Amino acid sequence: MGHEYKDYSKESCPSVKNILLLDSEGKRVAVKYFSDDWPTHSAKLAFEKSVFAKTLKTNARSEVEITMFDGYVVVYKFVHDLHFFVTAGDDENELILASVLQGFCDAVGLLLSPFSRNDVEKRTALENLDLILLCIDEIVDGGIILETDANTIAGKVAANAVDGAVPFSEQTITQALATAREHLARSLLK
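This one's a predicted model, so the numbers in the text were calculated from it and none came from an experiment.

Peer 1: Honestly, helix H1 (residues 41-55) in this entry has me stumped. Any pointers?
Peer 2: Structurally, the α-helix is built with 3.6 residues per turn, so residues lying three or four positions apart point the same way. The end-to-end C-alpha separation of H1 is 21 Å, in line with the 21 Å expected for 15 residues at 1.5 Å each. Those residues of H1 lying buried are Phe-47, Glu-48, Val-51, Phe-52 and Thr-55. Here the buried residues of H1 occupy an arc of 125° about the axis, which is enough to place them on one side. Opposite the buried face of H1, by more than 90 degrees, sit the exposed residues Ser-42 and Lys-49.

Peer 1: Help me out: how do you make sense of helix H2 (residues 94-112) in this one?
Peer 2: In this model, H2 (19 residues) spans 27 Å end to end at C-alpha, consistent with the 27 Å of a helix rising 1.5 Å per residue. When we look at burial in H2, the residues that qualify are Leu-97, Ala-98, Val-100, Leu-101, Gly-103, Phe-104, Cys-105, Ala-107, Val-108, Leu-111 and Leu-112.

Peer 1: Which parts of the structure should I look at to understand the sheet that holds strand S2 (residues 28-33)?
Peer 2: Pairing between the strands of a sheet is mediated by backbone hydrogen bonds and can be parallel or antiparallel. The 5 strands are arranged S2-S1-S5-S4-S3 in an open sheet whose pairing can be described as antiparallel. At either end of the open sheet lies a strand with only one pairing partner, and these are S2 and strand S3 (65-69). The sheet shows a mean angle of 20° between the axes of neighbouring strands, direction not considered. In terms of strand pairing, strand S1 (residues 18-23) meets strand S5 (residues 82-89) through 6 bridges, oriented antiparallel.

Peer 1: Got a minute to help me understand the pairing of S1 in this structure?
Peer 2: Among the 6 residues in S1, 6 count as buried, and that is most of the element. Of the two faces of S1, the one carrying Asn-18, Leu-20 and Leu-22 and the one carrying Ile-19, Leu-21 and Asp-23 are both buried. Sheet topology note: the S1/S2 ladder contains 5 bridges and is antiparallel. Residue pairing in the sheet places Leu-22 in a bridge with Arg-28 of S2. A loop of 4 residues connects S1 with S2, the two strands running antiparallel in sequence, and Gly-26 in this loop sits at a positive phi of about 85°.

Rules and cut-offs
Residues numbered from 1 in each chain as written. Predicted model: local features only at pLDDT ≥ 70, side-chain atom pairs only at ≥ 80, totals over all residues. Heavy atoms only, no water. Helix = DSSP H or I, 4+ residues; strand = E, 2+ residues; numbered from the N terminus. Expected span 1.5 Å × (residues − 1). Buried < 20%, exposed > 50% of the residue type's maximum accessible area, 1.4 Å probe, protein only. Arc of directions from axis to C-beta. Pairing = 2+ DSSP bridges. Axes fitted to C-alpha atoms, helices over the stretch in contact; angles between N-to-C directions.

Take a look at the structure:
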């Protein structure tokens, strides 16, 4: 009785084309593209401007909205003066995309709430852009959806931000020796 191993390629996993965070005027706050559908910088800006204009008149403040735009599924939500968007191919599941978007919005809210009195605002987002970009990296890698739970995403980002350590593979020899010495000293002191 042999087992068949299926080839689970990138095409079989839920994926996104981009994640956009724009301000209330449609200008970039944080964006990341995972597809060559928009090959040039000007094509990306044109897409962002178009999707912003199409969704501007909607009331996506209380819950995630879904629309079809230029052959893509776009899910979006507005929080204060920030507009969150997730774009995917028209064959992707809207509920999965909505959970990606909600996870992104909530994780950003959790991470930036200590810096903001109320809802997350553009100014706070720009001051903590590194945390937002880390959020995107924790949610999606190469277009493949990795995580949608806001608490998990925020926890991983906060751990990276607090740790502040350079990944071992990117350390110089001196940094690597210092890190090893530190770990050895800690283990001996326990």
